[in-house]
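Each chain is listed here by its residues.
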Amino acid sequence: MSAAPPTTARAERAPAEAAPAEASSPRRAADRLVALAAGLALLAALGLAFSLAWHRAYQVDEVESVHAAYAIATGKLIYRDFWQGHHPLLYGLLAPILPVDEPVAAFRIARVVGFALLLATVALSGWLTRRLGGCAWLAMMLLLLQSTFVERGMEVRPDTLMTPLLLLALVVGTFEDTPRLRRNALQGLLLGLAFLATQKAAIAAFAFGCVWLGQAISARSPRLVLVPSLVWLMPFAGMLGVLAALGGLEAFLEYNLFHPGESLRGQGAAASARFSALGPLVVEGSRNLAFVLAAVTSLVLLGIRFLRGEHRRVWPTAWLAVVWLAGLFVMPFPYPYSQVGGLPPLAVAIAVALPIGIERFAARPRRLSAIRAVALLLVVLATATALPRLLRELGRTNTPQHHLLERVHALTDESDRVLDLAGLYFRADAYPIYVMTGAHFARYQRGDYPALAPWLREHGLDLFVVNYRMKWLTGADREFLQTNFVRVEPNVFLSGRDLDGLAIGETRQLEVTRAGLYRFDGEGVLLVDGEPFVEGSLPRGLHALTSPTAIARGRLVSSRAPAYDAAPMTDVPVFYGFD
């Protein structure tokens with residue numbers, strides 16, 4: 001446990017070094033026990049976080065991210081060939097390491113990458129805290145016992161990649177031996193890379209820009225703010241150049257500069273999806289009361305010291321935390337994962353403020369013991385408030401999602417087209433907007449996107465998956481899917497037509513959107529376009545289904561369907577919502 005700057009630590013050790021060996025031995029033994037307990041607690045917290053990363057169900061945004069990486073890995077160009085509203089850095093990093101023929105393994109790998117980024121953020125928070133003279137162990141433990149950070153910080157989303165880059169930029173600022181201009185330029189580069197992961201990083205860029213501006217004014221050197229600002233633009237300019245060369249720049253500008261504004265205006269009229277950050281902050285804060293109270297107290301203490309001209313090295317970290325929290329109220333959709341970028345600076349602020357606050361209340365010989373005692377108390381309180389939530393999340397298993405990934409893969413081939421409006425599949429997208437968020441659906445209802453049923457008729461659909469987003473569809477879209485596809489497994493529909501209760505003289509139609517092999521499952525005689533049919537190829541188009549014998553139970557379905565079972569099937573929830 002690092003509890004103070006090196007100079008303070010040396011001052012604390014001086015009396016022990018001057019004491020007899022027999023007097024110092026118990027103290028050393030106690031220190032070792034404390035260090036061992038701290039290490040074991042850290043390992044336990046890491047184990048819990050990894051268990052969550054490995055077992056917990058994928059949030060729907062994670063599926064979007066993994067599917068985007070899959071699309072790039074299969075040769076598609078982001079924005080031009082498939083929709084995506086985020087910047088591409090995360091997907092570009094994931095694409096080369098995802099096995100496109102093994103979707104479950106790919107999702108596992110993506111989550112391990114997310115967990116590795118969480119570890120990087122925790123480690124960088126400890127490093128930053130140590131450089132600022134705080135208790136590194138406390139900062140790391142507070143993060144690993146902050147339920148919002150653990151739940152969202154290990155997810156496969158751009159925020160998870162952005163956060164360690166922000167922490168590394170803060171660490172760079174603590175190396176005072178390096179010329180300030182060089183430090184600022186490196187910070188600008190790291191922030192520019194963070195912006196390539198998600199547009200939210202612009203909030204952090206504003207916070208750092210304020211720091212650079214203050215330095216430039218103080219030193220009367222405009223270069224201190226101009227140079228890092230220009231460096232910040234370099235990664236983004238490079239991305240635009242690559243997109244222009246590959247033919248995807250126009251689509252990027254349309255999706256990310258023009259559509260977002262239209263989407264928000266349309267959403268305000270069509271749905272009440274835009275909301276304030278206050279609600280999520282209150283809900284998530286109630287699960288982490290010890291962290292919240294410690295953070296507020298620490299920011300107040302550091303603010304007072306800053307106004308007195310003390311502990312200025314901590315200011316950029318505390319300032320980033322404050323700006324990030326304020327930035328949540330600017331975001332149109334500040335879901336809980338948006339808090340992840342501001343939680344590590346808050347943890348660092350707590351761990352740095354602790355020895356600063358105690359120095360006025362504890363005599364020097366007892367200061368280290370007081371710091372340890374308060375740090376232990378904070379960890380115990382954080383555990384008591386956050387652990388129930390984290391243990392509950394372990395029960396939300398990803399097994400059903402893995403099973404669905406495997407079944408969709410087994411029931412389709414590489415050329416088949418799939419629809420689920422979320423991306424929980426490794427096949428071609430049947431509809432260009434493969435992600436139908438609430439904002440997208442509002443725009444779809446407004447007519448900004450092509451009508452689904454005519455699009456599927458023209459371009460083809462082989463399989464669709466039922467989830468909460470598919471249940472939003474109504475009217476002609478729902479009718480087309482219900483009429484021309486049959487449930488072959490829970491949540492899975494293949495091209496085909498239900499023939500239950502088909503009477504003599506009755507005609508039902510099947511619209512085949514992709515030519516393929518079909519079979520008849522059931523008792524009786526089926527005529528397709530007037531010809532007896534048991535199994536064979538059907539071309540695209542409408543087909544008339546009749547029976548001279550009547551069919552009590554049966555179906556005409558793609559030959560990829562599993563063996564026919566007349567027993568009713570019940571769909572299962574695929575995703576869970578924020579709660």
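Fair warning: this is a prediction, and the values are worked out from it, not measured in the lab.

Caption draft 1: Region of the structure containing the confidence of the model for the chain. A residue-level look at the chain finds 92% of positions with pLDDT of 70 or above and a mean pLDDT of 89. Within the model, pLDDT remains below 50 along residues 1-23, and this stretch shows 25 contacts once partners closer than five positions in the same chain are excluded. In this model, residues 260-272 is a region of pLDDT below 50 whose contacts with residues beyond four sequence positions or in other chains number 18 contacts.

Caption draft 2: Highlighting the packing of helix α5 (residues 103-131) against helix α8 (residues 158-172). Put simply, α5 and α8 touch, their axes get as near as 9 Å, and they point 20° apart. With respect to α8, the element α5 is oriented roughly parallel. The two elements α5 and α8 cross, and the hand of that crossing is left-handed. Taken together, the residues of α8 that come into contact with α5 (itself represented by Gly-114, Leu-117, Ala-120, Thr-121, Leu-124, Ser-125, Trp-127, Leu-128 and Arg-131) are Thr-160, Leu-161, Thr-163, Pro-164, Leu-167, Leu-168, Leu-170 and Val-171. Here the contact of α5 with α8 is composed, by residue class, of eleven nonpolar, five polar and one charged.

Caption draft 3: Quick peek at the environment of Ser-369. Assignment of secondary structure puts Ser-369 in helix α17 (residues 364-393). Separated by 56 residues in the primary sequence, Ser-369 and Tyr-425 place their C-alpha atoms 54 Å from one another.

Caption draft 4: Quick look at the packing of aromatic side chains. Considering all chains together, one arrives at 25 aromatic pairs under this definition. Each ring, one from Phe-82 and one from Tyr-434, has its centre 6.4 Å from the other, and the planes form 55°; the classification is tilted. Taken together, the positions of Phe-82 in the loop between α3 (60-73) and α4 (89-94) and Tyr-434 in the loop between β2 (428-429) and α19 (438-446) put the pair 352 residues apart, joining distant regions of the chain. Centre to centre, the rings of Tyr-335 and Tyr-337 are 5.9 Å apart; their planes meet at 25°, and the pair counts as stacked. Classification of Tyr-335 by relative accessible area gives partly exposed; the value is 30%. Within the aromatic cluster, the residues linked to one another by ring pairs are Tyr-431, Phe-441, Tyr-444, Trp-455, Tyr-468, Trp-472 and Phe-575. Between Arg-108 and the ring centre of Trp-54, over which it is positioned, the NZ or CZ distance is 4.0 Å. Across the ring face of Phe-306, the terminal group of Arg-312 is positioned such that the distance to the ring centre comes to 4.1 Å.

Caption draft 5: A look at the side chain of Arg-469. Topologically, Arg-469 is positioned in the loop between β3 (463-465) and α21 (475-484). For the buried residue Arg-469, which engages in no salt bridge, the nearest side chain bearing the opposite charge is Asp-61, 4.5 Å off. Within polar-contact distance, the side chain of Arg-469 engages the backbone oxygen of Met-436 at 3.2 Å. Ignoring any residue separated from it by four or fewer positions in sequence, one finds Arg-469 in contact with Val-60, Asp-61, Leu-421, Ala-422, Val-435, Met-436 and Thr-437.

Caption draft 6: Up close: the packing of α5 against helix α6 (residues 136-144). Taken N-terminus to C-terminus, the directions of α5 and α6 make an angle of 150°; their axes are 7 Å apart at the nearest point. One way to sum up the angle between α5 and α6 is to call them roughly antiparallel. Judged by the twist between their axes, the crossing of α5 over α6 is right-handed. Touching Leu-118, Val-122, Ala-123, Ser-125, Gly-126, Thr-129 and Arg-130 of α5 are Ala-136, Ala-139, Met-140, Leu-143 and Leu-144, all from α6. Class assignment of the residues belonging to the contact of α5 with α6 gives a composition of eight nonpolar, three polar and one charged.

Caption draft 7: How the structure looks around the sheet that holds strand β11 (residues 541-546). Here we have four strands laid out as an open sheet, ordered β6-β11-β8-β9, and antiparallel in their pairing. The outermost strands of the open sheet, each flanked by one partner alone, are β6 (508-512) and β9 (531-532). When strand β8 (residues 527-528) meets β9, the two strands line up antiparallel, connected through two bridges. Looking at the pairing, Val-528 lines up with Glu-531 of β9.

Reading the values: rules and limits
Residues numbered from 1 in each chain as written. Predicted model: local features only at pLDDT ≥ 70, side-chain atom pairs only at ≥ 80, totals over all residues. Heavy atoms only, no water. pLDDT = per-residue confidence, 0-100. Contact = heavy atoms within 4.5 Å. Axes fitted to C-alpha atoms, helices over the stretch in contact; angles between N-to-C directions. Helix = DSSP H or I, 4+ residues; strand = E, 2+ residues; numbered from the N terminus. Parallel < 35°, antiparallel > 145°, perpendicular 65-115°, else oblique. Left-handed = near helix turned anticlockwise from the far one by under 90°. Nonpolar A, V, L, I, M, F, W, Y, C, P; charged D, E, K, R; others polar. Phe/Tyr/Trp six-rings, centres within 6.5 Å; stacked < 30°, edge-to-face > 60°. Buried < 20%, exposed > 50% of the residue type's maximum accessible area, 1.4 Å probe, protein only. Lys NZ or Arg CZ within 6 Å of the ring centre and 35° of its normal. Lys, Arg positive; Asp, Glu negative; His and termini not counted. Salt bridge = Lys/Arg side-chain N within 4 Å of Asp/Glu carboxyl O. Polar contact = N/O pair within 3.5 Å; in protein donor to acceptor, adjacent residues only side chain to side chain. Pairing = 2+ DSSP bridges.

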